[in-house]
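In case you want the letters, here they are:
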Amino acid sequence: MTVFEVATGPGETPPADAVAPRDSTADAPTSVARLNATIRDFVARWNTVWVEGEITSWNLRAGNVFARLKDTRSDAQISIRIWSSVRARIPSDLGVGDHVVAAVKSDYFVKSGDFSFAVSAMKHVGLGDQLERLEKLRAQLRQEGLFDPARKKRLPFLPHVIGLITGERSDAEKDVHRNAELRWPQVRFRTEYAAVQGERCVPETLAALARLDADPEVDVIVIARGGGDPQTLLGFSDERLVRAVAAASTPVVSAIGHENDHPLLDDVADLRASTPTDAAKRVVPDVGEQRALIAQLRSRATTRLTHRVGHDIAQLEQLRSRPALRSPDPIIENRAQELWLLLSRGRDTVARQLDSAGRKTTELRASLRALSPAATLARGYAIAHLEGGVILRDAADAPAGTALTITVDRGSVAAVSDGEVSEGGPTATT
């Protein structure tokens, strides 16, 4: 606190710094410094105040923010200062147009005479609790796996029909149609209109999503809306809508707001587009690019085929130039001579084996004849048989009166035994 000392004599006019503002007169005015110091000391006794308003300017200088806050129902405004130490504790997405509540304390600068308020805390009006709940819901859905890239469906390369959910006669609808048709003129749309903010947003969007998802002709669904403040985009973070999009059988593209907007729908959708224009560009291919790609592929295929045919022709010419194909007659003649020699060898081998087998057969036949009983009979011997064809080997087996059959070299005769005789006597009586 500045201290002003009075140093005057009797009848002298006191210096301006010695006159308090409340004691000033035309003959004894106070100084500007004394006035500013008095104002500063007065406002310094004010307590911190919570004030609601809309940010109308936001200037960042050297890490500090110098802004203005406007009353939401009148033109009244105040200047506010947010020092860098405080700025680190407040939401980072604050900016012009935001509806906020701020804790401010009066601050009067003696040197410049400027009056402003120093901010110690600031938050969005009505969004603090909602944003906290959304973050908890975001964490829960992430834990359930609804944000997992593995569960997200791939978009078709060229959809026959695009389902579009957007506001009626909205800029988002025009952007999607215009950019999609510029890329692929034959693209077709089935548009379902729904409120894109307010209480009707979620139920109407859910109904439109159900109708498009049930249509077998719709290959992809785009949910599009232009930008807005976080309060107007809250419907696209509703848990019912988020879970319905996750359960949809048709791929869903989220095109809500601008790049900085991030509702929960962006996380659960199969594809997140930064804007409706970006959604149109990512849903359908560019016909010019595809034609250029086809031309490039055709050129590559022609080059590959030409090289392959040229290579095969060169190999064929190389094969045709080989002696075996250029003059095959000598090879055939050489093989014919070799075949004739092999046949001759085969015939000689077979003839020798036949001669050897014939000689061996003759020898075996002679041996067989020498061992045959017929050869013995031819030398004058005979064989006596009992009834039943049993050969008589012992004279005792043919007592007197036994009928015998005598086999000789040519034929057999019947006989009757007279019994066994002594050595040198008659053998049998007929």
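Structure first, text after, so check above.
Residues numbered from 1 in each chain as written. Predicted model: local features only at pLDDT ≥ 70, side-chain atom pairs only at ≥ 80, totals over all residues. Heavy atoms only, no water.

Trainee: Would you explain the environment of Asp-397 in this entry?
Mentor: Within the secondary structure, Asp-397 is located in the loop between strand 11 (383-385) and strand 12 (403-407). Considering only alpha carbons, one finds Asp-397 and Asp-114, 283 residues apart in sequence, at a separation of 167 Å. When near neighbours in sequence (up to four residues on either side) are disregarded, Asp-397 contacts Leu-386 and Leu-392. (Helix = DSSP H or I, 4+ residues; strand = E, 2+ residues; numbered from the N terminus. Contact = heavy atoms within 4.5 Å.)

Trainee: When you look at the packing of aromatic side chains in this model, what are you seeing that I'm missing?
Mentor: Any aromatic ring pair is given by two values, namely how distant the centres are and how the planes are angled relative to each other. What the rule picks out here adds up to four aromatic pairs. Between Tyr-108 and Phe-115 the ring centres are 6.4 Å apart and the planes differ by 45 degrees, which places this aromatic pair in the tilted class. Between the aromatic rings of Phe-115 and Phe-117, the centroid separation amounts to 5.1 Å while the plane-to-plane angle is 80 degrees, which identifies the pairing as edge-to-face. Take Phe-117: its relative accessible area is 15%, and that puts it in the buried class. In textbook terms, an aromatic cluster arises when at least three aromatic residues are bridged by ring pairs, as seen for Trp-46, Tyr-108, Phe-115 and Phe-117. Across from the ring centre of Phe-66, 4.2 Å away, lies the NZ or CZ of Arg-61, which sits over that ring. (Phe/Tyr/Trp six-rings, centres within 6.5 Å; stacked < 30°, edge-to-face > 60°. Buried < 20%, exposed > 50% of the residue type's maximum accessible area, 1.4 Å probe, protein only. Lys NZ or Arg CZ within 6 Å of the ring centre and 35° of its normal.)

Trainee: What is the right way to look at the sheet that holds strand 11 in this model?
Mentor: Strand pairing in a sheet relies on backbone hydrogen bonds, with the paired strands running either antiparallel or parallel. Here we have three strands laid out as an open sheet, ordered 11-12-13, and antiparallel in their pairing. The open sheet is flanked by strand 11 and strand 13 (412-416), the only strands paired with a single partner. Put simply, the sheet's adjacent strands are angled 30 degrees from each other on average, direction ignored. Examined bridge by bridge, strand 12 and strand 13 share five bridges and lie antiparallel to one another. Across the sheet, residue Ala-403 finds its bridge partner in strand 13, namely Val-416. (Pairing = 2+ DSSP bridges. Axes fitted to C-alpha atoms, helices over the stretch in contact; angles between N-to-C directions.)

Trainee: Mind showing me how you'd approach the sheet that holds strand 5 (residues 115-124) here?
Mentor: A barrel is described by the order of its strands in space; here five strands give the closed sequence 1-2-3-5-4, paired in mixed fashion. Averaged over all adjacent pairs, the angle separating strand axes in this sheet is 50 degrees, with direction ignored. Alignment of strand 2 (residues 64-70) against strand 3 (residues 77-82), held across six bridges, turns out to be antiparallel. Residue Ala-67 lies in a different strand from strand 3, and its bridge partner there is Ile-80. Sitting on the sheet, helix 1 (residues 32-43) is in contact with strand 4 (99-108) and strand 5, with an inclination near 135 degrees to strand 4.

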